[in-house]
Every structure is written in C-alpha cells, then in structure tokens.
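# A structural walkthrough
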Amino acid sequence: MRRWFHLLLAGSLTATPAVWAASKDDSRQPKAALDEIHQRLESLKKELTSSQEEHAEAADALKKSEKAISEANRKLHDLQQQQQANNQTLDALQQQKTVHTNNLKQQQALLNQQFYQQYLYGKPSQAQVLLQQQDPNAITRQLHYFGYVSHARKELMEAASANIIKVETLNAATAKTLQKLDSLKEQQEKERAELQQQKGERDKLVKQISSKISAQRNEIDKLKRDEQRLTQLMEKLAKAAREKAAREKAAREKAQREAAKNKARNQASTSQQASDSKTIARNDALPSNAFDGSNFSSLKGKLNLPVRGVVTNRFGSSRADTGVSWKGLFIRASEGSEVKAVASGQVVFADWLRGFGNLIIIDHGGGYMSLYGNNQAVLKQVGDNVKGGDTVAAVGNSGGNEQHGVYFELRYQSKPFDPMSWSVVK
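The next thing to look at is the overall build of the protein chain. The number of helices and strands found in the protein chain is six helices and eleven strands. For the protein chain, the residues scored as buried account for 34% of the 426 residues in total. Excluding contacts between residues fewer than 6 apart, the proportion of contacts in the protein chain whose partners are at least 24 apart in sequence is 71%. If you sum the accessible surface of the protein chain, you get close to 25,500 Å²; carbon and sulfur atoms cover 50% of it.

See the structure below:
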C-alpha cells in the first residue's frame, strides 16, 4: 500500500498495468489512505489558523509601533517649525538691536562733541552776553542761539537714554529667545532619541512579521498542494472501481491536462514576476498648487505623481504574490522622502490601516479622493486643508511591505481608476 500511496501522491496517474496489479495485492484498503490524508489536512488547517492568529497579533503590535513613529515624526516636524520661527524672531531682534546700538553710538558722538566744544570755549552766561554786546539785535540772536543749543542737547540726551533702554530691552528679549531655542533643542534631542528607539523596535517587528508572512504563504501553498493531491487521490480511488481500461485512459488524460495546466501556470507566474520586477515608468516631477481652485475632474492628464521614484506595476494587473488585481500604483522611493498632495483638498483619514500601514486619504471634492499608503509617517491630521504640492507624509515601508515606497490610488465614488491615465507620466 505504501508503494500505491507514494505513486498516487506524486501524481503518477499514468501507472502501468504492472503497478495496478501490485496494488491489488496490497492488504491495506484505499479508505486507510484517505483517512491518513484527511487527518493530515485537518492538522494543516489547524496550523494555518494558529499562524493567522499570530499574524494578527503581530500586525496589531506593528500598528502600535508605526503609529508611535508617525506621531514622533509629526512632533519633531512641529518642533522644527517652531525652531525656524524662533530663529526668525531672533534675527529680527538682532537687527533691531543693531539699529538702536548704532543710533546710540551716533548720539554719544554728538554729545561728546558738544561737551568738548563747551570745555574749550566755556558757556557764557546771559549777563556776560548783555555786557559784551552793544547791538541789541546781536544780543537777541546770541541768546536765541544759546537757547537752541541747550534745547538740542537736552533732546539728544533724552534720545540717547531712550535708546539705552531699548537696547537693554532687546538684550533681555534676545536672552529669553535664546533660552527658548535651547529648550526646543533639548526637546528635539529627546524626541529624536525616542524616535530612534521606536524605529528600532519597529524594524524588529517588521522582520518578525515578514518572517511570519513568508511562513504563512508557505503553509497556504502546502495546504493547497495537499488538497489537490487529496482530490486527485479520491478521483483515482473512485475510478479504481470502474473498468481498468477506462480508468487508465482517464488517468492519462488527466495527467496530460495537469501537466499542461502546471506548465501554463508556471509560465504565467514567471511572466508576471518578470513584469512586476521591471520598471513601468519613472517619475521625477512633483505636484504643485498650479491647479488649485480647479475642479478635480478637469485635471485628467495633468497630475504629477506624489513622490519621485519608480512605478513598478500597472493598474489592474495581477499581483505575483496574491493574484489579486492592483487597485493603484506602487512607487518605489527613498525612505523619508516627502510625499506630496497631488491636488488641493481636505484630509479625511490619517491613521494606520492593516495592509496599508500609515495611510492618509484626501477628499478633493466632486466624489474624487486620493490615497497614500505604506508611509513612515503622516504629517497631516483629519480636517486639515491642503494645497497641491503640500507635504502630507514621509516615505516608508509600513504595513509589512518589504520595499520603501508609496502605494497611491485615485478613486471616484469609492471606485478605483488608473492613476497613470490622469498623470503626465506615461
């Protein structure tokens, strides 16, 4: 019976009459072989169920880690924006301080010059002027001149005092801004350290999940092969009760069909894998706000893809790993690259989603939406309004993807359509 079982399980459906004669002498019944296959199939189903449960738990852990990384990236991005604003404030304070310091130096120079002239020639009193001058008009002009000089000196000293106060105020404001910058820098370093730790944990989870996914696919393929063998075996055993000649003829025809089917399947798989691995198109231009204000329906053939990189699939083609049709494009790009909104709209989803990782969805109005998945971080929140060309995410490989890039879809009334037909990239 072992010889019979081995030949059937290996797909040897073109057995010779001598083989069938040997099988007739075997003491074991075909039902025992069927029971053995059924038991093995049940065992494989239990193992697959257990593996799927473990994958779900690992995916939940990945979701938590990648959402934490996204939030840390968003905080770091906000801190950098605050630091830029404070740097601008500091530059403005330094410019104001320079202006007031220069004014103060000029005023001090004028005062020094006036005091020096007074030291050389002294300051005659009004009585001296009256006694020394005989012309009443000259006396009047001289007294008026002394009053003007005295008033000018008073105003100059008051302005100098005011500038000293302004410089001291600006010095205090500058010190406060520098202290704020130091605090922001310290907070940035803390956030950066936490981000690195989270990324390390996330990378570990990605490796674990990739390993589990690979193991699951192997288990699924193994289960399908075993089911196919079981079906073939049952058909073979059912035909064993019929006339020997008819059974052998049917077995040969089936073997030929299976060989042709496997050959066609292998050729299709090889062709699809080759198609998936090649470059479909390359995108070097990024979206802008040139079409803001226009209806999205008028942008067909005008859109730029959201990230610089290589398009590795065609819309509607079958995926080599699952056989499911592509509903969008996968654009392979460098980790951390900026992901741009293809047109203006409002963010309606910004969260982690199984299979898509950190995902952001933008509503462009009129029933049109764009989706950006597998991101390292989403930089916008639900309710945010964005313009065409705004940075909305950073490139990653979240969701268990092995390659870095962006999964990009366009949808109308929730139904996907080909982004390449709306893009300037051909």
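What follows is about the pattern of salt bridges. Counted according to the given criterion, the structure contains six salt bridges. Measuring nitrogen to oxygen at the nearest pair gives 2.5 Å for the salt bridge that ties Glu 71 to Arg 74. With a gap of three residues between them, Glu 71 and Arg 74 both fall in helix α3 (residues 30-121), about one helical turn apart. A salt bridge links Asp 78 to Arg 74; the nearest nitrogen and oxygen atoms lie 3.0 Å apart. Remark: Arg 74 and Asp 78 occur in helix α3; sequence separation between them is four residues, near one turn of the helix. Salt bridges sharing common partners tie together Glu 71, Arg 74 and Asp 78.

Along the polypeptide, Asn 358 turns up in strand β6 (residues 357-365). Judged by relative accessible area, Asn 358 falls into the buried class, the value being 2%. A distance of 3.3 Å separates the side chain of Asn 358 from the backbone oxygen of Gln 376, its partner in a polar contact.

With that out of the way, let us pick up the nonpolar core. By size, the foremost hydrophobic cluster in this structure holds 32 residues, and its most contacted members are Phe 296, Tyr 372 and Val 392. Of all elements in the fold, only β3 (329-332), β6, β7 (368-378), β9 (391-395) and β10 (405-412) reach the threshold of two or more residues within this core.

This brings us to the packing of aromatic side chains. Under the criterion given, the structure shown has nine aromatic pairs. With a centroid separation of 6.3 Å and an interplanar angle of 35°, the aromatic rings of Trp 326 and Tyr 407 are classed as tilted. Linking Trp 326 in the loop between β2 (309-311) and β3 with Tyr 407 in strand β10, this pair joins segments that are 81 residues apart in sequence. We classify Trp 326 as buried; its relative accessible area is 11%. Judged by its relative accessible area of 8%, Tyr 407 falls in the buried class.

Tracing the chain through its elements places Lys 185 in helix α5 (residues 136-240). For Lys 185, a relative accessible area of 48% puts it in the partly exposed group.

Now for unusual backbone geometry. Of note in the backbone geometry, Asn 374 takes a positive phi value of approximately 65° without being a glycine. For Asn 374, the position within the fold is in strand β7. Exposure remark for Asn 374: the relative accessible area of 5% places this residue in the buried category. Positive phi, normally seen in glycine, also occurs at Ser 414, with a value near 75°.

With seven of nine residues buried, β6 is to be regarded as a mostly interior element. Relative to β6, strand β5 (residues 345-353) is paired through seven bridges, and the arrangement is antiparallel. From the neighbouring strand, Trp 352 faces β6, where its bridge partner is Asn 358. Between β5 and β6, which pair antiparallel in sequence order, lie three residues; one of them, Gly 355, sits at a positive phi of approximately 90°. Relative to β7, β6 is paired through six bridges, and the arrangement is antiparallel. Within the sheet, the bridge partner assigned to Gly 365 lies in β7 and is Tyr 368. If you look at the hairpin formed by β6 and β7, you'll find two residues sitting between the two strands, and Gly 366 has a positive phi there, around 70°.

Okay, the side chain of Gln 376 next. Positionally, Gln 376 belongs in strand β7. Gln 376 sits in the buried class, given a relative accessible area of 15%. A polar atom in the side chain of Gln 376 sits 3.1 Å from the side chain of Glu 335.

Next up on the list: the environment of Val 342. Mapped onto the secondary structure, Val 342 falls in the loop between β4 (338-340) and β5. Those residues in contact with Val 342, other than ones at most four positions away along the chain, are Pro 287, Phe 296, Leu 303, Asn 304, Pro 306, His 364, Ser 370, Tyr 372 and Phe 408.

Another point: the environment of Val 99. With respect to the helices, strands and loops of the structure, Val 99 is situated in helix α3. Val 99 sits in the partly exposed class, given a relative accessible area of 46%. In this structure the C-alpha to C-alpha distance between Val 99 and Val 167, which are 68 residues apart in sequence, comes to 9.4 Å.

Within the protein chain, residue pLDDT values average 79, and 72% of them lie at 70 or more. Counting contacts from residues 1-27, a segment whose pLDDT is below 50, to residues more than four positions away or on other chains yields 37 contacts. In this model, residues 270-277 is a region of pLDDT below 50 whose contacts with residues beyond four sequence positions or in other chains number eleven contacts.

Attention now goes to the pairing of β7. A regular strand carries its side chains on alternate faces of the sheet. Across the eleven residues that make up β7, a large majority, ten, are buried. Of the pairings in the sheet, the one linking β7 to β10 comprises six bridges and is antiparallel in character. What sits directly across from Met 369, in β10, is Arg 411. Here three bridges tie β7 to β9, and the two strands are oriented antiparallel to one another. Across the sheet, the residue bridging to Asn 375 is Val 395, located in β9.

Reading guide: rules and limits
Residues numbered from 1 in each chain as written. Predicted model: local features only at pLDDT ≥ 70, side-chain atom pairs only at ≥ 80, totals over all residues. Heavy atoms only, no water. Helix = DSSP H or I, 4+ residues; strand = E, 2+ residues; numbered from the N terminus. Buried < 20%, exposed > 50% of the residue type's maximum accessible area, 1.4 Å probe, protein only. Contact = heavy atoms within 4.5 Å. Areas by Shrake-Rupley, 256 points an atom, 1.4 Å probe, with all protein chains shown as cover. Salt bridge = Lys/Arg side-chain N within 4 Å of Asp/Glu carboxyl O. Polar contact = N/O pair within 3.5 Å; in protein donor to acceptor, adjacent residues only side chain to side chain. Core = buried A, V, L, I, M, F, W, Y, C linked by side-chain atoms within 4.5 Å. Phe/Tyr/Trp six-rings, centres within 6.5 Å; stacked < 30°, edge-to-face > 60°. Pairing = 2+ DSSP bridges. pLDDT = per-residue confidence, 0-100.

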